[in-house]
Structures are given as structure tokens and as C-alpha cells.
Amino acid sequence: MIGPSPTLLQADDAGTSCAPSPLRERGQHEVFCGLTSIMWLHRKVQDAFFLIVGSRTCAHLMQSAAGVMIFAEPRFATAIIDDRDLSGLADLHDELDTIVERVLSRRPDIRMLVLVGSCPSEVLRLDLSQAARRLENRYAEQCRIIAFSGSGLETTFTEGEDQFLSALVDVCPQAAPDEAPSLLVVGALADVVEDQFARIFQALGIEDVRFIPARRSGSLPGIGTNTRVILAHPYLTETARKLERRCGPALPALYPLGEEGTTAWLRAAADAFGVDDARFDAVTAPGRARAEKAVDQYREILAGKRIFFFPDSRLEPMLARFLHREAGAEPIEIGSPFIHRQHMADELERLPDGVVLSEGQDVERQIDRCRAADPDLIVCGLGLANPFEAEGYATKWSIELVFTPIQGYEQAGDLAELFARPLRRRAALSAEV
Amino acid sequence: MKLAVWTYEGPPQIGAMRVAASMHGVHYVVHAPQGDTYADLLFTMIERRTSRPPVTYTTFQARDLGRDTAEKFQAACRDAVDRFKPEVVLVGASCTAELLQDDPGGLAKALDLDIPVIPLDLPSYQRKENWGAAETFYRLVRAFAGRGRGADRERSSAASCNILGPTSLGFRHRDDLVEIRKLLEALGVTVNVVAPLGAGPADLARLPDAGFNILLYPEVAESAAEWLKREFGQEIVRTVPIGVGATRAFVREVAALAGVDPLPALQSETQRLSWHTRSVDSNYLTGKRVFIFGDATHAIAAARVARDELGFEVCGLGTYAREFARDVRTAAREYGVEPLIADDHLEVEDAIAAARPELVLGTQMERHIAKRLRIPCAVISAPAHVQDFPARYSPLMGFEGANVVFDGWVHPLLMGLEEHLLGMFRDDFEFHDDVQASHLAAVSPAGRAAAAGPHVEAVPDADADDGDSAATWSAEAEKELKKIPFFVRGKARRNTERYAGERGVDVITIETLYDAKAHFGR
């Protein structure tokens, strides 16, 4: 296996042993709720419609987060609960039926309707899974109907995708026990990344590779005891738990960020399918070389830069690992909404000593810590970024790390560039504020 | 339950945040689940605010439910007061917390804070953003201006006023305020307090000192202005100074209340709208059909300017603000159009398509709709978008506002004219699509096609219609139709087909085309 470059080995002292125990915070969480994951899920599953059952706040969140993306009629909407529903004047289920009918008659091209629970629907104990079953009987010919909760009570940001995939796994058919072994890649990846991985797996001789979610809702993979699962993202806790019951635990690996992560991730799959080392090296060598070369361009800007992560997507530990190991940056605090010890084990092992891990958030106290640490770059959400910039800090807005293809060899350079850009930009501007 | 793909207004707590974020010394503690903090980025990204809005959220989660959400609220409230040291704290609940019935007002009172606590009761399942802003501002004004009630207050002078309504995330409020201050300065009228934008609690306490109130944005400040009138007898200037006529009327109204001479302000006017609109090139604007939709204040003002100052024809008028539906209905009657009171953008889209306007004045959503329908559009109203906070000075109110209106509403039409010229020359012997543009002579043929791309793309199909007429077009008639300018071609096609349909004509000839033209007039 390929290791980090010699210079990095020196910079990275020997004590990268067990991960420190994180700071657990229960104050104000400045994070999105799981509904926001609909932003990329609806683009990924091209024949799905996401119907949030929630409040005006949910609808407002979606359009604020979507920004200018609403040029065409989007494949998501909100069924806004109003006072008639609360006072019992209207029956919530009847109202929902009417709205579903309107959506599906307006969009006959939709093959999967996803009912998405919200904070108010959870508090009102509106059972959307039951509603989905009832509605599916009615629309069986036309489309599949499933439900998940993107409520902020249970999920942050990317965890909405976890809940969606978990609901999708429930409707995946059971594969026969004697079916040939297959690889199931779990987690929404940009199409271009998915295609790159598919080509690599094929070259490695792994014949049957399936991705979930697929681009079309009709192509749900069969899942059985011969299915080997690999997670593309670290935030798929619930989905992994469900899959474990049907086909065993996910293959442990780093996540496919950067040269190191991508190689380790592919290696885990290759080992599970008995791919020999020579073949693995031959197939991955060009990608590894390209990834190293691409990241190299940004190493000069990023090396030694002290980086502070505010919690956002649960990708933070692996982003820090990549920046530290491949670009020579120094993470000082890694905030994450939740850190799954088992799914993150390999990642945490590679973080430098002395880094502060924080889980959950108390945003005011974290801002205090951040100012005291005086980092070179702050990775944070858009609610915090401009105020930090106005104080003179460089920031990288974290939501872009979720919307941009960053996984795999060919995107390693792009990933480094995302962090380098704010620093380059500051260097390029001469007019003082 | 109501289906929404897009909302013109956020929930009422957003309105409360806008008021809190407009002021200093005010902090808003909102009982809300994790995720509701998205609202911060409206301020930091749309308005590019350099500080976080003064809002603390409890961000409770499922594990807190039924256990200690109330305690969580009290801790958040106490910490926020300790940390930010506001002069007053607003407390309230977002939609989810409203269902929990934790009573933030009572919980905050029980903390025995040494600053005033104003509980906000903003029914999330019934009301919306502007109502929330108005209610919050009203509560603040009552709390602080009400303290001097009954006492024999001495007015600083009759020629002193308050400006009420400018708010964070308001549509062009920042620049409107500068323009209004200029007018008042020219009149010699003192500005006592501007609120909520830039005011603190102590300023609200001084509101009764002014001779009268200028109500710039009724959506935010009407209830407060009405209360001040009842309590302190302060008259309200209600003319919204958008357009030349309204600005002049505004100046006279203010001058009369202040007992000053309006002439200095009227003579200082620097507007060019009234001349530009008389310039011969503006003949082109005559009778342009314009569809107007927005908040009530801006929609009503836009209709008046469109008809009386630009010579347009108002072919549609509507608002998403139900609270002001009556005003818009009254205005619509004056223009002889059916008022559209709706917050469903699909309904608005249908109404625009049916009205077949040549210009749309609306919100960002109508901009998208107009783009789809290939109609020029200018944005005149909130909901706020990052484009509505330009770096340059760009008011809608006052005399400079009239200049901005002329440029902003007429330029999209001139671009329409350019497209029309391109369309006219599309099949011209000299300028057809396959001929290289004269300034691109050095470019290879491949590059030429690419260079022509955008224009070609913008023009074709402008007249294509999904008309399901039974009549078919003869080749000659089809060719003749192509000679008609593209922006009226669709109408000509539909009128001709309707004419043919009504008369049972099977094949449309050149004769039918011109018969129909004569029948329907312009």
C-alpha cells in the first residue's frame, strides 16, 4: 500500500495512535436539518419527487438553501400544514391525499414519490410511512411511494440522506442466497464520480457493482448474503445498520477522499473480492499518480495552514485527514455534528495528535475557541462565514463540500483547490476593506 | 394543507428576526428545533451583513422533547442575555416549538432578568413574515414609546418627523431611506427617529417627540403608526413616494404637516424620468402591456407609475400580501383589471400567461416565470434576493428612485426591441443566420456558428404556440406570419387561428391572416 510522501511522514509524528475523546457540546447547533439533503438527492434520483410534509419554515428553508437553483419547476415541494389542520377542521391524511394527487397528476413522469417528515410532522405524530403504504396501494401502477424523516429533531444535514437510503433499503428486493457476490456502493455520489468508480471496479474484475441511490428509482439493487457493502460517506449510520442485518457489516476503510483515502477504499473492496496486488496496483497506479500530481499544485498554499472546522456535514474528520496527510495542513479543531466511532475508526487514527475533536455544538463557545486559536482558515456554514471574513479571517463555506464532486482520484485536486481558493483569493486582492 | 414549491414570505419568526436585526440593543431568543438557524444566512448572505443577526435559537432535538425543552429555553435565554447584554429581549417560538406550548414568554419572565422581556405571539400556522415583522415592531414601540404616555410631552417641533418601516432585508430600504432623508433636509424637516432600521430601544422611547410619522412601508409599520396616532395624535404621511407624481405629492403632504414651504424640495428635484418619457424614442413605450405582482405597497405604486408616468397599460395587478388585499382590489378596479390575490406562484404564472403582457414587474419568482415565458421583466418587490442589494446607490423612492425606475423598467424592453430587430433580420439576405458577423471576419466558420448561437437561441420559437387549432396554415401564410415581429407574432398566430376556427376556415391563407388582423385590430 502506498503511504504518505516522506516529507509528510516527518511532519506527522509517530504518535498518531488512538483518537482523542471529543468535546461534547449541547448548546446552539448552527447546522442545517436533514431536509436540506433533498437538494442533492432530488438531482441524483432523476425520476423522484420529494414532498416535505411540514411548515412554512420548511418551505422557506428549502428555497433559501436552494438559492437561485429554482429555474425550472423543482422536483421537491412542501405540503404546508396550516391552522385548519391543527384545529381538526381538516383531516391531515385527507389533505395529504389531495396534495399527492395534485403533484402526481402534474408530474406524470415521476416514478418515486418520497414523503419527507419534518419537525412539525414528527411532533404531530403524523405517520408518513403508513401514509406512504396507503397511497402506494392507490398509485401502484404509476409510482413507488416511500417515506423518511428529515426532521431537525432527529437529523442534521447529510443525515437526511441516511434516512432516505435507509427507507430505500427497506424496499430493495432480497437477492437469492446463491447469487454471485456483488458489491453495493452506498451513498449518493455525483454521476461523474460514480462512473469513474464503476470503471475502476470493472478493471479490477469486480463484475457486479451496484450503486444506491441509483439514478432511476426503478433500478433498486437486490440485497442478500452475498452482497458486500461499502460506504461512500461516513454519515450513513442507519443505512449501514439496516444493511448489516441483511448482508453483514460494511467493509471497513477510509473514505474515498484524496489519493490515500481513495486507494484504501478501493483496496477494501478489492480485498473482499480477492483481487491480487499486482492487478490492483496496475489498475490504480495512473489515478494515484494523477491525484498526487493534482494535489501537489496546492500543497504550497495549504502546507502548515492551521484549519478550524465548524460542524456541518459529518465529513469533517475525513476532510481534515485529507488536508493533513496529503496537503500538509494542520487541523486544530474538528467540529462534527456526530462522530461514529466505528465508521470513522480508520479516519480518526490518521489525525494528528493534539487536534481537538468536538461533537455537537455550542456555537457561541466554539466561536470563542476559534477566535482564540486564530486559525488561517475556518471551514464553516454560510451563517458564520461572512461575519468571520469581516473580522479578517479566511473562510471556506462548508456546504460546497457537499455539493461538489470531491471523491475519487480525479477529484482530489478539486478538493484541495476548494480549500486553497479562499487563501489565493485573499492574496490576490489588494483593496483593503 | 397547502402545496408550495415557492413561498413569497417566510414564517412570522423571520419577520421578527428582520426587526431585531434592524435594531441595536435588541436580542431575539427563539424556541426552535435544530435546523431553524438557516435563517441566519438570509442576513449574512443576501444582505451580506458583516455580523450575525442578534438571534439565539434553542435548537432542541428529539431527545429533549418531553424532558427539558423548557429548561433548555431558559438556559439559552439566560446565556444570551449574559453574553450579548441587550437592552431588551424578544422571546418567541417557531412553528415546531409552538406545538410544544412551552410558553417562552412565561419562562423568560420567570428568569427575573433585569431588562424588559417582550413575548411575541406569532402564530406560525396562520401568519407570515410581514405580519411577524409588523407585530414585533408594534410590540417594541408599545413597550418603549408607551412609557411616557399621559405625561404632557413637549414636541421638539412640528417640523420634526419619524420615518417608520425601513427594515433589514427590505427591498431597497437602505437606499430609499437616504433619498427620503435628502427630501426632508431640503424641506427643513428634522428626522427625529428612523425605526426599526438603526434604532435602539431609547430611540423608540423618543418616537412621541416628533410632530408626525412617515409610513414608508405599511407592511412593517402600519400597526405601530396607527397606535402612535391614537396615543399621541401623530398624523401619518401615507403617500409612498415612488415615481415623480407620488414624490411630489409626498413632499407637499409632508410640507403641509410640518408647516413649511414645499418649493425648495420640489425645485431641487433631479429626476429625468418625466423628460425621458416624453423623448420621442419613448413613443415605443406607449400602451405596453405590463403585469404587476408584488407586495401591496410596491405593486400599487408600480401600477401608478407604469400608467401615469411611462404610458404603459396595466394588464394585471396582484399581491401575495393578503393583509393588504383590499388596497390592491381598489387599485385594480381603477385599472379595470381583475385583482390577483395569491401566494401560489403557479397561479401567478397562469395569470401572467393568460394576460400576455409585454413586460412583467414582479418579485424574483416572476422574474423566473417571465424568463420561461420569454417576457422582459424587472424586479420591484421582496422577497429579497442578493441582486436586490446592489453595491451602487439604487433607491426606488424619491426623485432618484424615479430615475432608477425609468432605467430599470425600460431597459429590459429595449433589449426586447433588440431581439426583435435580430428576429426581423433573421431571414434577411444580408444578415441571415449563416452569414458571418462583420466584426468577426477573422474568425473561422466554426467559431462563427458559436458566436451566433445566443442570438439564434433567443429568437426562434418565440411565436411557437401549443394552439390546438383545427385549421392548417398554407405555406404562403406561414411565410407571411414570419414577417411579423416576433413579439406580436404569437398573438397574430392565435388571433388568426381563432378567427379561422370561428368561421370554419380549414386552410389559413394570407387573406385569412389579414382578415383576422383587421377583425381584431392591434
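For every chain, the first residue of the written sequence is number 1, and numbering continues from 1 along that sequence. Here every chain gets a letter starting at A, and every ligand a number starting at 1, in the order they are written. A pLDDT threshold of at least 70 governs which residues receive local features in this predicted model, and a stricter bar of 80 or more applies before side-chain atom pairs are shown or counted, although totals over entire chains, interfaces and linings include all residues. As a convention, hydrogens and water are excluded, and side-chain values are obtained from all of the structure's heavy atoms.

### A few points about the overall build of chain A
For step 1, the next point in the chain: Secondary structure elements follow DSSP: runs of H or I no shorter than four residues count as helices, runs of E no shorter than two count as strands, and numbering proceeds from the N terminus. Each helix and strand counted, chain A has 18 helices and 13 strands in total.
For step 2, the next point in the chain: With the C-alpha coordinates of chain A rotated into their principal frame, the extents come out at 65 × 60 × 40 Å.
For step 3, the next point in the chain: The buried share among the 433 residues of chain A stands at 60%.
For step 4, the next point in the chain: It only takes one pair of heavy atoms within 4.5 Å for two residues to be counted as in contact. When contacts within chain A are restricted to residue pairs at least 6 apart in sequence, those whose partners lie at least 24 apart make up 75%.
For step 5, the next point in the chain: With the model as given, the accessible surface of chain A reaches about 16,600 Å², and the carbon-plus-sulfur share is 49%.
For step 6, the next point in the chain: Residues scored as positive are Lys and Arg, those scored as negative are Asp and Glu, and His as well as the terminal groups of each chain are ignored. In this description, the location of a charge corresponds to atom NZ of lysine, CZ of arginine, CG of aspartate or CD of glutamate. In chain A, 46 side chains carry a positive charge and 64 a negative one; their mean positions are 3 Å apart. We call a residue buried when its accessible area falls under 20% of the maximum for its residue type, exposed when it is over 50%, and partly exposed in between, using a 1.4 Å probe and counting protein chains only. Shrake-Rupley sampling with a 1.4 Å probe provides the accessible areas, and residues are treated as covered by the protein chains on show and by no other component.

### Some details on the pattern of salt bridges
Residues and elements named next belong to chain A.
For step 1, the next point in the chain: Just to be clear on terms, a salt bridge is a Lys or Arg side-chain nitrogen sitting within 4 Å of an Asp or Glu carboxyl oxygen. Counted under the stated rule, the structure contains 58 salt bridges over all chains.
For step 2, the next point in the chain: We note a salt bridge from Asp109 to Arg107, for which the minimum N-O separation is 3.4 Å.
For step 3, the next point in the chain: Of the residues examined, Asp109 reaches a relative accessible area of 40% and is grouped as partly exposed.
For step 4, the next point in the chain: The exposure class assigned to Arg107 is buried, which follows from its relative accessible area of 16%.
For step 5, the next point in the chain: Shared partners join several salt bridges into a network, and the residues in it are Lys44, Asp191, Glu194, Asp195 and Arg215.

### A short note on the sheet that holds strand 12 (residues 339–341) of chain B
Hydrogen bonds between backbone groups are what pair the strands of a sheet, and the pairing can be parallel or antiparallel.
Residue and element names in this part refer to chain B.
For step 1, the next point in the chain: Overall, parallel pairing links the 5 strands, which are arranged 12-11-10-13-14 in an open sheet. Every other strand in the sheet has two partners, leaving strand 12 and strand 14 (377–379) as the edge strands with one partner each. Within this sheet the neighbouring strands show an average axis-to-axis angle of 15°, counted without direction.
For step 2, the next point in the chain: When DSSP finds at least two bridges between two strands, those strands are taken to pair. Summarising the sheet, strand 13 (residues 359–362) and strand 14 pair through 3 bridges and their orientation is parallel. Across the sheet, Gly362 pairs through a bridge with Val379, a residue of strand 14.
For step 3, the next point in the chain: With respect to the sheet, helix 14 (residues 325–335) is in contact with strand 11 (313–319) and strand 12, its orientation differing from that of strand 11 by roughly 170°.
For step 4, the next point in the chain: An axis is simply a line fitted to the C-alpha atoms; with a helix, the fit covers only the stretch in contact. Between two such axes, the angle follows the N-to-C directions and lies from 0 to 180 degrees. On the sheet, helix 16 (residues 364–373) packs against strand 10 (289–294), strand 13 and strand 14 and is oriented at approximately 170° with respect to strand 14.

### Let's talk about the packing of aromatic side chains
For step 1, the next point in the chain: Note on ring pairs: Phe, Tyr and Trp rings are taken, using the six-membered ring of Trp, and paired if centres are within 6.5 Å. Classes follow the plane angle, with under 30 degrees stacked, over 60 edge-to-face and the rest tilted. Counted according to the given criterion, the structure contains 14 aromatic pairs over all chains.
For step 2, the next point in the chain: Arranged with centres 5.9 Å apart and planes meeting at 50°, the rings of A:Phe201 and A:Trp265 form a pair that is tilted. Taken together, the residues A:Phe201 in helix 9 (residues 191–204) and A:Trp265 in helix 11 (residues 258–272) connect sequence positions 64 residues apart.
For step 3, the next point in the chain: Through a chain of ring-to-ring contacts, the aromatic side chains of A:Phe32, A:Trp40, A:Phe157 and A:Phe403 assemble into a single cluster.
For step 4, the next point in the chain: The lysine or arginine in question, A:Arg267, covers the ring of A:Phe280, its NZ or CZ lying 4.4 Å from the ring centre.
For step 5, the next point in the chain: Ring-over charges, as used throughout, are those where CZ of Arg or NZ of Lys falls within 6 Å of the ring centre and within 35 degrees of the ring normal. The ring of B:Trp473 has B:Arg493 lying over it, and the distance from NZ or CZ to the ring centre is 5.3 Å.

### A word on the interface of chain A and chain B
For step 1, the next point in the chain: At the interface, 61 residues of chain A touch 56 residues of chain B.
For step 2, the next point in the chain: Take the accessible area each of two parts loses on contact, using a 1.4 Å probe, and add the two losses: that sum is the buried area. Both sides together, the interface formed by chain A and chain B hides about 5,100 Å², and carbon and sulfur atoms give 59% of it.
For step 3, the next point in the chain: The interface formed by chain A and chain B contains 4 salt bridges.
For step 4, the next point in the chain: Its salt-bridge partner being A:Glu364, residue B:Arg52 comes within 3.0 Å of it at the nearest N-O pair.
For step 5, the next point in the chain: Counting of polar contacts relies on pairs of N or O atoms within 3.5 Å, with two restrictions inside protein: one atom must be capable of donating a hydrogen and the other of accepting it, and residues adjacent in sequence are counted only when both atoms are side-chain atoms. Viewed at the interface, chain B and chain A are joined by 21 residue pairs in polar contact (both at pLDDT 80 or more).
For step 6, the next point in the chain: Every element with two or more residues in the side of chain A that touches chain B is listed here: strand 2 (48–54), helix 3 (56–66), strand 3 (76–80), helix 4 (83–86), helix 5 (92–106), helix 6 (119–123), helix 15 (363–373) and helix 16 (382–390) of chain A.
For step 7, the next point in the chain: Throughout this entry, Asp, Glu, Lys and Arg are counted as charged residues, while Ala, Val, Leu, Ile, Met, Phe, Trp, Tyr, Cys and Pro are counted as nonpolar. The remaining residues, Gly among them, count as polar. Here the residues of the side of chain A that touches chain B sort into 33 nonpolar, 14 polar and 14 charged.
For step 8, the next point in the chain: Sheet analysis places strand 3 of chain A next to strand 1 (residues 2–4) of chain B, joined by 3 bridges and oriented antiparallel. Residue pairing across strands places A:Thr78 opposite B:Ala4, the latter belonging to strand 1 of chain B.

### Examining the domain arrangement of chain A
Residue and element names in this part refer to chain A.
For step 1, the next point in the chain: An automatic or database domain assignment is the source of the domain bounds shown. Domain annotation for chain A reports domain 1 (23–30 + 288–432), domain 2 (34–155) and domain 3 (182–280).
For step 2, the next point in the chain: Between the C-alpha centres of domain 2 and domain 3 there is a distance of 29 Å.
For step 3, the next point in the chain: Counting from both sides, the interface comprises 9 residues of domain 2 and, opposite them, 13 residues of domain 3.
For step 4, the next point in the chain: For the pairing of domain 2 and domain 3, the buried interface totals around 850 Å² over both sides, and the portion due to carbon and sulfur atoms is 48%.
For step 5, the next point in the chain: Ranking the residues of domain 2 by area buried against domain 3 places Lys44, Gln46 and Asp47 at the top, with a combined share of 61%.

### Looking at the packing of helix 11 of chain A against helix 13 (residues 316–327) of chain A
All names here are of chain A.
For step 1, the next point in the chain: Closest axis-to-axis distance for the helix 11/helix 13 pair is 7 Å, and the angle between their directions is 115°. Here helix 11 is positioned roughly perpendicular relative to helix 13, judged by the angle of their axes. Seen from helix 11, the contacting residues are Gly258, Glu259, Glu260 and Gly261; seen from helix 13, they are Arg321, Phe322, Arg325 and Glu326.
For step 2, the next point in the chain: Of the residues in the contact of helix 11 with helix 13, the class split is 1 nonpolar, 2 polar and 5 charged. An angle below 35 degrees is read as roughly parallel, one above 145 as roughly antiparallel, one from 65 to 115 as roughly perpendicular, and any other as oblique.

### Here we look at the pairing of strand 2 (residues 26–31) of chain B
All names here are of chain B.
For step 1, the next point in the chain: The element strand 2 is extensively covered by neighbouring structure, given that 6 of its 6 residues are classed as buried.
For step 2, the next point in the chain: The alternating pattern of strand 2 places Val26, Tyr28 and Val30 on one face and His27, Val29 and His31 on the opposite face, and all of these are buried.
For step 3, the next point in the chain: Pairing between strand 2 and strand 3 (residues 55–57): 3 bridges, direction parallel. Paired with Tyr28 across the strands is Val55, a residue of strand 3.
For step 4, the next point in the chain: Whether a crossover is right-handed depends on one test, that the path from the first strand over the helix to the second runs clockwise when the strands point away from the viewer. In this region the chain leaves strand 2, passes through helix 2 (residues 40–46) and returns to the parallel neighbour strand 3; the handedness of that crossover is right-handed.

### Concerning the nonpolar core
For step 1, the next point in the chain: Here, nonpolar core means buried Ala, Val, Leu, Ile, Met, Phe, Trp, Tyr and Cys residues that are tied together by side-chain atoms lying within 4.5 Å of each other. Ranked by internal contacts, the top residues of the largest apolar core, which has 151 residues, are A:Phe50, A:Phe164, A:Phe201, A:Phe419 and B:Tyr28.
For step 2, the next point in the chain: No other element matches the 8 residues that helix 6 (residues 129–145) of chain B contributes to this core.
For step 3, the next point in the chain: Within the second largest apolar cluster, 82 residues are counted, among which are B:Val251, B:Leu266, B:Ala370 and B:Val405.

### Thoughts on the confidence of the model for chain A
For step 1, the next point in the chain: You can read pLDDT as the predictor saying how much it trusts each residue, on a scale of 0 to 100. For chain A, the average pLDDT comes to 92, and 94% of its residues sit at 70 or higher.
For step 2, the next point in the chain: Considering only residues more than four positions removed or in separate chains, one finds that residues 1–18 of chain A, a stretch of pLDDT under 50, has 22 contacts.

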